[in-house]
Amino acid sequence: MADGKLIGKVVLLTGAGRGLGRAMALALSEQGAHLALVDLDGEELQEVAHEVQAIGGGASVIPLGADVCDPESAATAVHYAAENFGRIDVVFNNAALGPQAVSEDPFGAPPKFWELNPYIFIRMMDINAAGPQLIAAAAVPHMMKNGWGRIVNITTALDAMYAPGMGAYGPSKAALEAHTAIMAKDLEGTGVTANVLIPGGPANTRMIPDATGIPRDALIQPEDMQAPAVWLASDESDGHSGKRFIAALWGQGLEKASAPCAWPQLGQQAILPGSIGR
Amino acid sequence: MIAGGVAGTGVTCNVLIPGGPADTRMISATGVYENRDKLIQPDVMVPPLLELVSEKGGKINNRRFRAALWDTSIGADENLQNCGDPIAWPQLGGKAIRPDNDPRGNKNTGNENG
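Residues numbered from 1 in each chain as written. Chains lettered and ligands numbered in written order. Predicted model: local features only at pLDDT ≥ 70, side-chain atom pairs only at ≥ 80, totals over all residues.

**Student:** Would you take a moment to explain the sheet that holds strand E1 (residues 15-17) of chain B for this structure?
**Tutor:** What links the strands of a sheet is backbone hydrogen bonding, and the strands pair in either a parallel or an antiparallel sense. Residues and elements named next belong to chain B. Pairing within the open sheet is mixed, and its 3 strands lie in the order E1-E2-E3. Two strands lie at the open edges of the sheet, namely E1 and strand E3 (84-86), each paired on one side alone. Between one strand axis and the next, the sheet turns by 25 degrees as a mean value, whatever way the strands run. Two elements, strand E2 (residues 63-66) and E3, share 3 bridges in a ladder whose sense is antiparallel. Paired with Arg63 across the strands is Pro86, a residue of E3. (Pairing = 2+ DSSP bridges. Helix = DSSP H or I, 4+ residues; strand = E, 2+ residues; numbered from the N terminus. Axes fitted to C-alpha atoms, helices over the stretch in contact; angles between N-to-C directions.)

**Student:** Help me understand the interface of chain B and chain A in this model?
**Tutor:** For interface size, the figure often reported is the accessible area lost on association. Every contact between the two is made by 30 residues of chain B and, on the other side, 38 residues of chain A. Taken together, the residues of the side of chain B that touches chain A sort by class into 14 nonpolar, 9 polar and 7 charged. (Contact = placed C-beta atoms within 7 Å. Nonpolar A, V, L, I, M, F, W, Y, C, P; charged D, E, K, R; others polar.)

**Student:** Could you clarify how one ought to interpret the sheet that holds strand E3 (residues 61-65) of chain A in this entry?
**Tutor:** All names here are of chain A. In spatial order, the strands read E3-E2-E1-E4-E5-E6-E7-E8; together these 8 strands make up an open sheet with mixed pairing. Bordering the open sheet on either side are E3 and strand E8 (258-260), each of which pairs with just one other strand. Each neighbouring strand pair of the sheet contributes to a mean axis angle of 20 degrees, computed without reference to strand direction. Alignment of strand E6 (residues 192-198) against strand E7 (residues 243-246), held across 3 bridges, turns out to be parallel. Across the sheet, the residue bridging to Leu197 is Phe245, located in E7. The sheet contacts of helix H3 (residues 71-85) involve strand E1 (10-14), strand E2 (34-39) and E3, and relative to E3 the element is tilted by about 160 degrees.

Following this line, the structure appears as structure tokens:
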């Protein structure tokens, strides 16, 4: 640990109680990061906090029960993290409600959009698209103060954004992907970066129910997120902003595993009056 | 996704956008936008809209149309071709890496970079 890549870094990670969040928290802790772990589920959050304590020691982690899409709750979590550790360097916006919330078998028997529960649709948009904004907006002043920081947003593969059965999950992740590109532009010159990190396909979390029939070991494993998460939180990723990183391709090198965020290569910009440069 | 959902139902779902900043209250009249003539005018939406709600438009699904590109000096079919693209940019080819047993079928090797 003395030679960890994240010694002195304070990371706030949402959705830490299970799945990708838990795997990333453990890896970040192994590299010496101090962690503010956020989740709605208190019991699972406590368990992960204990696991992290076993790695990094008692003072290395605080669990924070919070709802990322409630403005006061999100701001309070960020406030406690900064008060406790004296700084915030990195945010992982990982908390999300997945396709399992709309159907037991979202891929084999995808529900039509008119069959979706309206409250689940709105809740999913709130958690997945608005939550990252609330957390990042509260945390980024702490980063800019130090001239260094990271915002890492977890989205999904492009075709998963519009695949049948993916409402509201797909649209919420499309919104976050676009928002990440905006964040990166807004942060230019501040030393703070904003990027997307995705597994690259369906991962072995509760988001893929057993009813899908996919063997658990055929899925992308949460541990695949660990190496890119550590890299993104470290000084090694300085200068990389407005990009999307694909964990499943991480072993093939940075070029293969990354692309510009939100697919600007389409080049289909708005038709603007001639005098306006954007 | 909505367009996929309604496929085969007799209902269609398409996107219609001005194509850039339009002369509406969304764009405040300051700076370069003080001259409202420079903005896309709301009435550009009308010709493609009429086409989409017509009987003939019933065959069109899952497309996005940019109204500002509509040229009233040429026919509707040509315009629908010129102004239209698939919704949500599937032409990028960005695909998830899926296991063989995924009910959605295809196993992709990961073409995330488009």
